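Survey of secondary and tertiary structure
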Amino acid sequence: MKQTLSELMRMSRICRMVFATCLGSFVLVIFYFQSLFNPAMQTNHFMVDGCCKKGSRNALQELYNPLQSDLSGAATLHQARRDQVVDACRTYSASSRKRRVLTPGDLKHLVVDEDHELIYCYVPKVACTNWKRVMMVLTSRGKYTDPMKIPSNEAHIPSNLKTLNQYSISEINHRLKNYLKFIFVREPFERLVSAYRNKFTLKYNSSFHKRFGTRIIRRYRKNATQDALVNGDDVKFKEFIEYLVDPATQKDGPLNEHWQTVYQLCHPCHIHYDMVGKYETLEEDSNYLLELVGVGNFLRFPSYAKSTRTTDIMTAQFFSNISSQQQIQVYQLYKMDSTCLTTPYPAIYGWTNR
């Protein structure tokens, strides 16, 4: 009887050990498969406690005093770009009696990344969708890891990114003084063509057709059909340019952000931008900035489809049907963008810079 009881107890211990082993293995299998299907459980390079936590040197220090020799050449280039802005703003200030102080309402285009101490002023039609995606990755603390997996419409939801106008005055001043501020710009004529192609030639942008297309056709098209007046979906580029240079347009209120001047959106003569990226060197400048931030090994700026991009040659073709007088009017409208931020190439359009 005692032997039987001893055997039963031994079998019971064996069964418990087998059960515990099986249960442990089962739990491990569950965690394994969860890690496969749940990106948040995978190794995340963007967690603040991981690779991208703030180190002893921030991006601002890396920009102005690079320790890495391979970043020194780029630092010199960006100093030259900053000097261009300063020189243009000094000239403009000397010739203008206009003086204004920025209000929080002027700062709604400045996106803030607290973790990496960055401020990005987004300019529509200058890769702002992809840059907003990148900013969402940088600020999400692991929620997002791949910019291109973020739908484009989600990148433009205001609540997904915090802007500088949401802070108090003292908080705004602190961030403007201590964070790296950057902007990406594009030759103004090319940006206008890009805006026109996107907002007036694509059928899915019906809201722009209704809001702006109908107004443009009503003002500038003689003998417009009733269909064109109602739908506004066949605006000609010449009509779009007439709308931009018409003094009556200025009386309508601020221009839409897609063709508003960078000077009005980002205020480069009031805000000292530490880095001015160019659309012509978009990926190079963007990845340089990510290197400064310290995430270059884990995050790269998304490549864009060059086949659909508005080019300088395409821009020249669009403006070939625009009179020299109107081209000069457009240039005057975007003069600060040209002289302050970009390298204009007016010779392509058949007139000389004046």
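Everything numeric in this text was worked out from a predicted model, so none of it was measured.

Topic: the side chain of Asp274
Relative to the helices and strands, Asp274 resides in the loop between α12 (262-266) and β5 (275-278). A distance of 2.6 Å separates polar atoms of two side chains, one belonging to Asp274 and the other to Tyr64. With residues near it in sequence (within four places) discarded, Asp274 still touches Leu60, Leu63, Tyr64, Arg82, Tyr179, Leu180 and Lys181.

Describing the nonpolar core
In terms of nonpolar packing, the biggest core is built from 61 residues, with Trp131 and Phe182 touching the most fellow members. At 7 residues, helix α4 (residues 128-139) tops the list of elements feeding residues into this core. If sequence neighbours within four positions are ignored, Trp131 has contacts with Tyr120, Phe182, Phe184, Leu282, Ser286, Leu289, Leu290 and Phe301. In terms of nonpolar packing, the next biggest core, distinct from the first, is built from 26 residues, Phe212, Ile216, Phe237 and Val330 among them.

A short note on the sheet that holds strand β4 (residues 180-185)
Sheet strands line up and pair through hydrogen bonds in the backbone, either parallel or antiparallel. What the 5 strands build is an open sheet, ordered β3-β1-β2-β4-β5; its pairing is mixed. Here the strands that pair on one side only, and so sit at the sheet edges, are β3 (162-163) and β5. Pairing of strand β2 (residues 118-121) with β4, which is carried by 4 bridges, proceeds in the parallel orientation. Looking at β4, one finds that Ile119 is bridged to Lys181. Packing against the sheet, α4 makes contact with β1 (110-113), β2 and β4, and its axis sits at approximately 25° to β1. Packed onto the sheet, helix α13 (residues 282-293) meets β2, β4 and β5 and runs at close to 145° relative to β5.

Some details on the state of the cysteines
According to the stated counting rule, one finds 2 disulfides in the structure shown. Paired through a disulfide, Cys89 and Cys269 show a sulfur-sulfur distance of 2.0 Å. Looking down the S-S bond of the Cys89 and Cys269 bridge, the torsion is -85°, so its handedness is left-handed. Pair noted here: Cys89 is in helix α3 (residues 72-95) and Cys269 is in the loop between α12 and β5, with a separation of 180 residues, a long-range link. Across a sulfur-sulfur distance of 1.9 Å, Cys121 and Cys266 are joined as a disulfide pair.

Observations concerning α4
The α-helix winds at 3.6 residues per turn, so residues separated by three or four positions along the chain end up facing the same way. For α4, which comprises 12 residues, the first-to-last C-alpha distance of 16 Å matches the rise-based estimate of 16 Å (1.5 Å per residue) to within 8%. For α4, the tally of buried residues reaches 10 of 12 residues, placing the bulk of the element in the interior. Those residues of α4 that are buried lie in contact with β1, β2, α5 (152-155), β4 and α13. The first or second residue beyond α4 is Arg141, which carries a positive phi of 55°.

What to know about the packing of aromatic side chains
On inspection of all chains with the given rule, the structure shows 21 aromatic pairs. Here the aromatic rings of Trp131 and Phe182 are separated by 4.9 Å at their centres, their planes lie at 55°, and the arrangement is tilted. Separated by 51 residues along the polypeptide, Trp131 in helix α4 and Phe182 in strand β4 bring together distant segments of the chain. Taken individually, Trp131 and Phe182 each receive the classification buried, so the pair is uniform in this respect. Linked through ring pairs, Phe189, Tyr196, Phe200, Phe208, Phe212, Phe237, Phe240, Trp259, Phe318 and Phe319 together constitute an aromatic cluster. Over the aromatic face of Tyr167 sits the side chain of Lys162, whose NZ or CZ is 4.4 Å from the ring centroid. Across the ring face of Tyr279, the terminal group of Arg186 is positioned such that the distance to the ring centre comes to 3.9 Å.

Conventions and cut-offs
Residues numbered from 1 in each chain as written. Predicted model: local features only at pLDDT ≥ 70, side-chain atom pairs only at ≥ 80, totals over all residues. Heavy atoms only, no water. Helix = DSSP H or I, 4+ residues; strand = E, 2+ residues; numbered from the N terminus. Polar contact = N/O pair within 3.5 Å; in protein donor to acceptor, adjacent residues only side chain to side chain. Contact = heavy atoms within 4.5 Å. Core = buried A, V, L, I, M, F, W, Y, C linked by side-chain atoms within 4.5 Å. Buried < 20%, exposed > 50% of the residue type's maximum accessible area, 1.4 Å probe, protein only. Pairing = 2+ DSSP bridges. Axes fitted to C-alpha atoms, helices over the stretch in contact; angles between N-to-C directions. Disulfide = S-S within 2.5 Å. Expected span 1.5 Å × (residues − 1). Phe/Tyr/Trp six-rings, centres within 6.5 Å; stacked < 30°, edge-to-face > 60°. Lys NZ or Arg CZ within 6 Å of the ring centre and 35° of its normal.

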